[in-house]
Structures are given as C-alpha cells and as structure tokens.
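# Examining the three-dimensional arrangement
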Amino acid sequence: GSRSEGRFHHEGNQAFRRYVLQNFEAYHHAPNNAAKKQVANQVMRAVAEKNGRFMRYSQSSGGWVEIKERDVVESKVRQALRQERTRELMRRGLEATEPTPDAEQQQQQQPQRQE
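A few points on the structure. (Residues numbered from 1 in each chain as written. Predicted model: local features only at pLDDT ≥ 70, side-chain atom pairs only at ≥ 80, totals over all residues. Heavy atoms only, no water.)

### Here's the deal with the packing of aromatic side chains
The condition is simple: Only centres within 6.5 Å qualify two rings of Phe, Tyr or Trp (six-membered ring in Trp) as a pair; their planes then separate them into stacked at under 30 degrees, edge-to-face at over 60, and tilted for everything else. What counts as a helix is a DSSP run of H or I of at least four residues, what counts as a strand is a run of E of at least two, and both are numbered from the N terminus. Note on classification: 1.4 Å probe, protein chains only; a residue is buried when its accessible area is under 20% of the maximum for its type, exposed when over 50%, partly exposed between these limits. A positively charged side chain is recorded as over a ring if its NZ (Lys) or CZ (Arg) lies within 6 Å of the ring centre. The angle to the ring normal must also be within 35 degrees.
What the rule picks out here adds up to 2 aromatic pairs. Here phenylalanine 16 and phenylalanine 54 contribute two aromatic rings whose centre-to-centre distance is 5.6 Å and whose plane-to-plane angle is 90°, an arrangement assigned as edge-to-face. Of this pair, phenylalanine 16 sits in helix α2 (residues 11–29) while phenylalanine 54 sits in the loop between α3 (33–49) and β1 (55–58); the two residues are 38 residues apart in sequence, bridging distant segments of the chain. With relative accessibility at 17%, the residue phenylalanine 54 sits in the buried group. Its guanidinium or amino end placed over the ring of tyrosine 27, lysine 36 lies 4.9 Å from that ring's centre, counting from NZ or CZ.

### Overview of the packing of α2 against α3
Quick note on the threshold: Between N-to-C directions, angles cover 0 to 180 degrees, with each direction set by a line fitted to C-alpha atoms, over the stretch in contact for helices. An angle below 35 degrees is treated as roughly parallel, one above 145 as roughly antiparallel, one from 65 to 115 as roughly perpendicular, and anything else as oblique. Note on convention: the crossing is left-handed when the near helix lies turned anticlockwise from the far helix by less than a right angle, right-handed when the turn is clockwise. Contacts are assigned to residue pairs with any non-hydrogen atoms lying within 4.5 Å of each other. All residues other than Ala, Val, Leu, Ile, Met, Phe, Trp, Tyr, Cys, Pro, Asp, Glu, Lys and Arg, Gly among them, are scored as polar; the first ten of these are nonpolar and the last four charged.
Contact geometry of α2 with α3 gives a least axis separation of 10 Å together with a crossing angle of 165°. With respect to each other, α2 and α3 are oriented roughly antiparallel. Crossing geometry of α2 relative to α3 is assigned as right-handed. Between α2 and α3, the residues in contact are Phe16, Tyr19, Asn23, Ala26, Tyr27 and His28 and Lys36, Val39, Gln42, Val43, Ala46 and Val47, respectively. Its residues placed into classes, the contact of α2 with α3 shows 8 nonpolar, 3 polar and 1 charged.

As structure tokens, then:
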C-alpha cells in the first residue's frame, strides 16, 4: 500500500538499510550470540548518531510512535541483518546458476580435438 511505499523511501529507512548492508557480513560471521548482539548495537548506534528513531505504526493513535524498548529495537535490527544475509545468498545463488560471459567465451575458444 501507499503507507509501506512511503516507509520504504523515507530517508531514515534508506539510511537504516545502508547500515544493515554495511554490517550484515560482520553479523553473519560473528562467532556467537554476544558478537551478533554487538553488531546489532553498532547499527542502533549509527541510527542514534543521526538522531534517528525506530518507529512503529499505532492503530490506536493512527500515527507513528517511537519504540522505546531497547530489546524490541535490537530484535528488529537483528531480523533485518538476517534478512539481508538471506537476500545476499539468494542473489549469489542466482548468479551462480547463470553462466558468466567469460565461461561461455572460454568454452568457445577451446580448440576442438580431432582424432
């Protein structure tokens, strides 16, 4: 709907997606839960440094309200980091199944042996 399209293009959400993109590899390679939590907290700090806030739509008030609970925010950030990893794997998987132009050229350039 139009509300979700507006959210996607909101400057703050675009910045958040950049922070997630910059950190998803570190999140994926984090050796344990504590390290994953640190990566999520880096994203949260980056948002806070730009005076950003995490918001949710409130049906009762009909508007946006700030999410104050740190654990809820951290959960949302970690979800975004996991989803970004999934998107990256899907993208790489699609690329891996398509022959690259270089591979096709190499096949065409190999001499045919006649015996």
